[in-house]
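Single-letter residue listing:
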Amino acid sequence: MATPGAESIWLWVGTLGMTVGTLYFVGRGRGVRDPEMQKFYIATIFITTIAAAMYLLMATGFGLTEVQVGNQTLDIYWARYADWVFTTPLLLFDLALLAGANRNTIATLVGLDVFMIVTGVIAAFEQVAAYRILWWGISTGALLVLLYVLVGTLSEQAREKSGEVAQLFSTLRNLMIFLWLLYPVVWILGTEGTIGVLPLYWETAAFMVLDLTAKVGFGVLLLRSRSVLEMATKPD
Ligand code: RET
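Here is what the cut-offs are and how they apply
Residues numbered from 1 in each chain as written. Predicted model: local features only at pLDDT ≥ 70, side-chain atom pairs only at ≥ 80, totals over all residues. Heavy atoms only, no water. Helix = DSSP H or I, 4+ residues; strand = E, 2+ residues; numbered from the N terminus. Buried < 20%, exposed > 50% of the residue type's maximum accessible area, 1.4 Å probe, protein only. Contact = heavy atoms within 4.5 Å. Areas by Shrake-Rupley, 256 points an atom, 1.4 Å probe, with all protein chains shown as cover. Salt bridge = Lys/Arg side-chain N within 4 Å of Asp/Glu carboxyl O. Near = heavy atom within 4 Å. Polar contact = N/O pair within 3.5 Å; in protein donor to acceptor, adjacent residues only side chain to side chain. pLDDT = per-residue confidence, 0-100. Core = buried A, V, L, I, M, F, W, Y, C linked by side-chain atoms within 4.5 Å. Pairing = 2+ DSSP bridges.

Asks: An account of the overall build of the protein chain is needed here, citing residue identities and associated values.
Replies: Secondary structure summary: the protein chain contains eight helices and two strands in total. In the protein chain, buried positions account for 48% of the 236 residues. For the protein chain, restricting intrachain contacts to residue pairs at least 6 apart in sequence, the fraction spanning at least 24 positions comes to 77%. For the protein chain, the exposed surface amounts to about 10900 Å²; the carbon and sulfur share of it is 68%.

Next comes the structure, spelled out in structure tokens:
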């Protein structure tokens, strides 16, 4: 455990944002009785709840550790990965549910995603700089395959849905592709990448904006219209 520096301001903003998001989603979900529709609310509420807890863990310093790489000591917020390993599969689950995906597609997406985060953890804790980049590359490879499945198989399954559902699906899918591709970029430019283009302060701000948009922004768009979710859950 180490003490967070000036970047803790962004971690507190993240904690607050995820908490407000959670309360908002709980409010939106009140009175939803249909079990198929409840799935969207349950997944989305867990996403921001887990993130709020992990942001609090980072802001209070428990979620921070140090890793020695050569003669550099890196500040590593390990709690990010604890957050992502649960929340990114839930985000994919939300999108897959909207697309009406089958179990094999969901399992493939979640499997690739967990592989991506776990190899990302290895990259973050590896002590040899060159191997950090190697694991970053492996993790990024998994991300690219995952996005390929999103654009291919998942989008194909979503095409059978009605106009409004298909529209919401493509908005959320495009948002996801754009945001998720920025994570490995921030990581490699930030402290983890050891080249130090982006100092910890700005890296923390960047991840916070990405996390809030990918979770709260995504959830707001998804849960905005109950009638679209109703259409999505009706057997077609
Ligand atoms: C890491 C590092 C190694 C390379 C890659 C990564 C990808 C992370 C992603 C995270 C997405 C997080 C989201 C959080 C929601 O709030 C682990 C940074 C590819 C894609 C969407």
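Asks: Can you lay out the pattern of salt bridges for me, pointing to particular residues and giving the numbers?
Replies: Enumeration over the complete set of coordinates arrives at two salt bridges. A salt bridge links Lys39 to Glu36, with the shortest nitrogen-to-oxygen separation between them at 3.2 Å. Here the residue Lys39 and the residue Glu36 both occupy positions in helix H2 (residues 35-59), the gap between them amounting to three residues, near one helical turn. You can call Lys39 partly exposed: its relative accessible area is 32%.

Asks: Quick rundown of the site of the ligand? Include the residues and the values.
Replies: The local shell around the ligand holds 15 residues, among which Ser139, Trp180, Tyr183, Asp211 and Lys215 are the closest. Between Asp211 and the ligand, the recorded distance is 3.3 Å, taken from a side-chain N or O atom to an oxygen atom. Protein contact buries 100% of the 540 Å² of open area that the ligand shows by itself. Contributing elements (two or more residues each) for the shell around the ligand: helix H3 (79-99), helix H5 (129-158), helix H6 (163-189) and helix H7 (200-223).

Asks: Describe the confidence of the model for the protein chain, with residues and values.
Replies: Chain-level statistics for the protein chain give a pLDDT mean of 95 and a share of 99% at 70 or above. Interface scoring of the predicted complex returns ipTM 0.98; its pTM is 0.96.

Asks: Quick rundown of the side chain of Lys161? Include the residues and the values.
Replies: Mapped onto the elements, Lys161 comes out in the loop between H5 and H6. Side-chain polar atoms of Lys161 contact the backbone oxygen of Ala232, separated by 3.0 Å.

Asks: Go over the nonpolar core, please, and point to the residues and values.
Replies: Counting residues in each nonpolar core, the largest one holds 71 residues, and the members touching the most others are Leu98, Leu150, Leu154, Trp180 and Leu222. A per-element tally of this core places H6 first, with 12 residues. Once you skip the residues sitting within four places of it in the chain, Leu150 turns out to touch Leu92, Leu95, Leu109, Ser155, Arg173, Met176 and Ile177.

Asks: Quick one: what's the story with the pairing of strand E1 (residues 64-69), residue by residue and with numbers?
Replies: Where E1 meets strand E2 (residues 72-77), six bridges bridge the pair, whose relative direction is antiparallel. By the bridge assignment for E2, Val69 is matched with Gln72. Turn length for the E1-E2 hairpin, with the two strands adjacent in sequence and antiparallel, is two residues, and the turn residue Gly70 shows positive phi of about 60 degrees.

Asks: Can you lay out the side chain of Gln157 for me, pointing to particular residues and giving the numbers?
Replies: Note on placement: Gln157 falls in helix H5. Residue classification places Gln157 among the buried positions, given a relative accessible area of 16%. Side chain to side chain, Gln157 and Thr105 meet in a polar contact 3.1 Å long. If near-sequence neighbours (up to four positions away) are discounted, Gln157 is found in contact with Ala99, Gly100, Ala101, Asn102 and Thr105.

Asks: Lay out unusual backbone geometry in plain terms, naming residues and giving numbers.
Replies: Non-glycine residue Thr194 carries a positive phi angle of around 65 degrees. Within the element layout of this structure, Thr194 appears in the loop between H6 and H7.

Asks: Provide a residue-level description of the environment of Leu172, including the pertinent values.
Replies: Looking at where Leu172 falls in the secondary structure, it is placed in helix H6. With a relative accessible area of 0%, Leu172 lands in the buried category. Between the alpha carbons of Leu172 and Asn104 there is a distance of 21 Å; along the sequence they are 68 residues apart. In this structure Leu172 touches Leu95, Leu98, Phe218, Leu221 and Leu222, once residues within four positions along its chain are discounted.

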